[in-house]
Amino acid sequence: MLYAIISQDVEDSLEKRVLVRLEHIKRLEALKKQGRLILAGPHPAIDTNDPGSAGFTGSLVVAEFDSLEAAKVWADADPYIESGAYASIIVKPFKKVLP
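Just so it is clear, the model here is predicted, and its values are computed rather than measured.

(A) Here's a closer look at the overall build of the chain. When its secondary structure is counted, the chain shows three helices and four strands. In terms of its C-alpha atoms, the chain occupies a principal-axis envelope of roughly 35 × 30 × 25 Å. Here the chain holds 99 residues, and the buried ones make up 31% of them. Long-range pairs, those at least 24 residues apart, make up 73% of the contacts in the chain with a sequence separation of at least 6. Counting 12 positive and 14 negative side-chain charges, the chain places the centres of these two groups 8 Å from one another.

Now the structure itself:
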């Protein structure tokens, strides 16, 4: 089943993100190689694709997992948690309708 992993950043998270970004991307690339990643990306803090020093306010990952618990375990191991960039994460079942 698909799950949406919705993360909320702490204020001024950019430096904390930068510290572990490569590790964060590596985990997403592993999901992609397994054919389980539907989409992933950050929420820019301002209305532009490149927010520069304004940074990001959170992230969204939609991926396939065996269960809600497995999705939560994966989400809780995100390097952005360890770095302190994420304030919270919500994991919900997701039903893709379009496209």
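There is more to say, and it comes next.
(B) Local environment of the nonpolar core. Core analysis: the biggest nonpolar cluster contains 11 residues, these being Tyr-3, Ile-5, Leu-28, Leu-31, Val-61, Ala-63, Phe-65, Ala-71, Trp-74, Ala-75 and Val-91. Of all the secondary structure elements, the ones that give two or more residues to this core are strand E1 (2-9), helix H1 (14-33), strand E3 (56-64) and helix H2 (68-76). In terms of residues, this core owes the most to one element, H2, which gives three residues. In this view, Leu-28 contacts Leu-37, Ala-40, Val-61 and Trp-74; residues no more than four positions away in its chain are not counted.

(C) Seen up close, the pattern of salt bridges. Throughout the structure, instances matching the rule amount to two salt bridges. The partner of Arg-17 in a salt bridge is Asp-9, with the nearest N and O atoms 2.6 Å apart. Like Arg-17, the residue Asp-9 is buried in the burial classification. In this structure, Arg-27 and Asp-78 form a salt bridge, with 3.7 Å as the shortest nitrogen-oxygen distance. Of this pair, Arg-27 sits in helix H1 while Asp-78 sits in the loop between H2 and helix H3 (79-83), placing them 51 residues apart in sequence. Residues Arg-27 and Asp-78 agree in their burial class; the two are buried.

(D) Region of the structure containing the packing of aromatic side chains. Counting across every chain of the model gives three aromatic pairs. Arranged with centres 5.7 Å apart and planes meeting at 50 degrees, the rings of Phe-65 and Trp-74 form a pair that is tilted. By relative accessible area, which is 3% here, Phe-65 ends up buried. For the pair Tyr-80 and Tyr-86, a centre-to-centre distance of 5.3 Å together with 85 degrees between the ring planes defines the contact as edge-to-face. The pair formed by Tyr-80 and Tyr-86 is uniform in burial state, with each residue classed as buried. One aromatic cluster is present, formed by Tyr-3, Phe-65 and Trp-74 through successive ring pairs. The ring of Trp-74 is capped by Arg-27, whose NZ or CZ atom sits 4.1 Å from the centre of that ring.

(E) Highlighting the sheet that holds E1. One open sheet holds the four strands; their spatial order is E2-E3-E1-E4, and the pairing between them is antiparallel. Pairing within the sheet leaves two strands with one partner each, and these edge strands are strand E2 (37-44) and strand E4 (86-94). Going from strand to strand, the sheet's axes swing by 10 degrees on average, the running direction of each strand aside. In the sheet, E2 pairs with E3 via seven bridges, with the strands oriented antiparallel. If you follow Pro-44 over to E3, its bridge partner there is Phe-56. Sitting on the sheet, H1 touches E1, E2, E3 and E4, and the angle it makes with E3 is about 10 degrees. Each of E1, E3 and E4 is contacted by H2, which is oriented at about 155 degrees to E4, the strand it contacts most.

Reading the values: the criteria
- Residues numbered from 1 in each chain as written.
- Predicted model: local features only at pLDDT ≥ 70, side-chain atom pairs only at ≥ 80, totals over all residues.
- Heavy atoms only, no water.
- Helix = DSSP H or I, 4+ residues; strand = E, 2+ residues; numbered from the N terminus.
- Buried < 20%, exposed > 50% of the residue type's maximum accessible area, 1.4 Å probe, protein only.
- Contact = heavy atoms within 4.5 Å.
- Lys, Arg positive; Asp, Glu negative; His and termini not counted.
- Charge placed at Lys NZ, Arg CZ, Asp CG, Glu CD.
- Core = buried A, V, L, I, M, F, W, Y, C linked by side-chain atoms within 4.5 Å.
- Salt bridge = Lys/Arg side-chain N within 4 Å of Asp/Glu carboxyl O.
- Phe/Tyr/Trp six-rings, centres within 6.5 Å; stacked < 30°, edge-to-face > 60°.
- Lys NZ or Arg CZ within 6 Å of the ring centre and 35° of its normal.
- Pairing = 2+ DSSP bridges.
- Axes fitted to C-alpha atoms, helices over the stretch in contact; angles between N-to-C directions.

Purely geometric numbers; function is a separate question.
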